[in-house]
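Residue-level listing of the chains:
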Amino acid sequence: MRYDDEPVFKRGKWSKRYYYNPDNPIGLALIVVSLVVAGTMLLLMANRAGPFEPAPDPKPWNPPRYEYSWPPTSTAPPGPSAGP
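No experiment lies behind these values; they were computed from the predicted model shown. (Residues numbered from 1 in each chain as written. Predicted model: local features only at pLDDT ≥ 70, side-chain atom pairs only at ≥ 80, totals over all residues. Heavy atoms only, no water.)

This brings us to the overall build of the protein chain. Across its full length, the protein chain carries one helix and two strands. Along the protein chain, from the amino end to the carboxyl end, the secondary structure elements read β-β-α. Within the protein chain, buried positions represent 6% of all 84 residues. The contacts of the protein chain with a sequence gap of at least 6 include a subset with a gap of at least 24, amounting to 0%. (Helix = DSSP H or I, 4+ residues; strand = E, 2+ residues; numbered from the N terminus. Buried < 20%, exposed > 50% of the residue type's maximum accessible area, 1.4 Å probe, protein only. Contact = heavy atoms within 4.5 Å.)

Structure, rendered in structure tokens:
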């Protein structure tokens, strides 16, 4: 059989869709690669790994410690500031 004359895609008999032609080596390679990729993605989804890994739990909100005192202490005397 001559593979040079076989197209990579063939039109279906009962539909107008195209499919990979297993008689062409490139079409057969596309079939194998498609199956391997689909199987790998299904395994990753089943194991929840790779891009399907769930996000880590967020840390609980922990506000900063309250370290302010009241009344505020200041080194400047109260009142209007003295200008130059």
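Right, let's talk about the packing of aromatic side chains for a bit. Enumeration according to the criterion identifies one aromatic pair in this entry. Taking 5.7 Å as the distance between ring centres and 35 degrees as the angle between the ring planes, the aromatic pair formed by Phe9 and Tyr20 counts as tilted. Here Phe9 is found in strand 1 (residues 9-11), whereas its partner Tyr20 is found in strand 2 (residues 18-20), with 11 residues between them in sequence. By relative accessible area, Phe9 is classed as partly exposed at 44%. (Phe/Tyr/Trp six-rings, centres within 6.5 Å; stacked < 30°, edge-to-face > 60°.)

Any two side chains of opposite charge can pair, on the condition that their charged atoms come close. This structure, assessed with the given rule, holds one salt bridge. Between Glu6 and Lys10 there is a salt bridge, and its shortest N-O distance comes to 3.7 Å. For Lys10, a relative accessible area of 26% translates into the label partly exposed. (Salt bridge = Lys/Arg side-chain N within 4 Å of Asp/Glu carboxyl O.)

This paragraph deals with the environment of Leu28. With respect to the helices and strands, Leu28 occurs in helix 1 (residues 25-47). Distance from Leu28 to Val8, taken between C-alpha atoms, is 8.6 Å for residues 20 residues apart in sequence. Setting aside chain neighbours within four positions, we find Leu28 in contact with Asn21 and Pro22.

Counted at 1.5 Å a residue, the expected span for helix 1 with its 23 residues is 33 Å, and the 33 Å between its end C-alpha atoms agrees. Structurally, the start of helix 1 carries an N-cap: the backbone nitrogen of Ile26 is 2.9 Å from a side-chain oxygen of Asn24. (Expected span 1.5 Å × (residues − 1). Polar contact = N/O pair within 3.5 Å; in protein donor to acceptor, adjacent residues only side chain to side chain.)

Unusually for a residue other than glycine, Arg48 sits at a positive phi of about 50 degrees. Take Arg48: it is sitting in the segment after helix 1.

Quick look at the confidence of the model for the protein chain now. Put simply, the protein chain has an average pLDDT of 84, and 77% of its residues get 70 or more. Looking across the protein chain, the model is least confident in strand 1, with a mean pLDDT of 89, and most confident in helix 1, with 96. (pLDDT = per-residue confidence, 0-100.)

In this section: the side chain of Asn21. Here Asn21 lies in the loop between strand 2 and helix 1. A distance of 2.8 Å separates the side chain of Asn21 from the side chain of Glu6, its partner in a polar contact. At 3.1 Å, the side chain of Asn21 forms a polar contact with the backbone nitrogen of Asp23. Non-local contacts of Asn21, meaning those with residues more than four positions away in its chain, are made with Glu6, Pro7, Val8, Lys10, Gly27 and Leu28.

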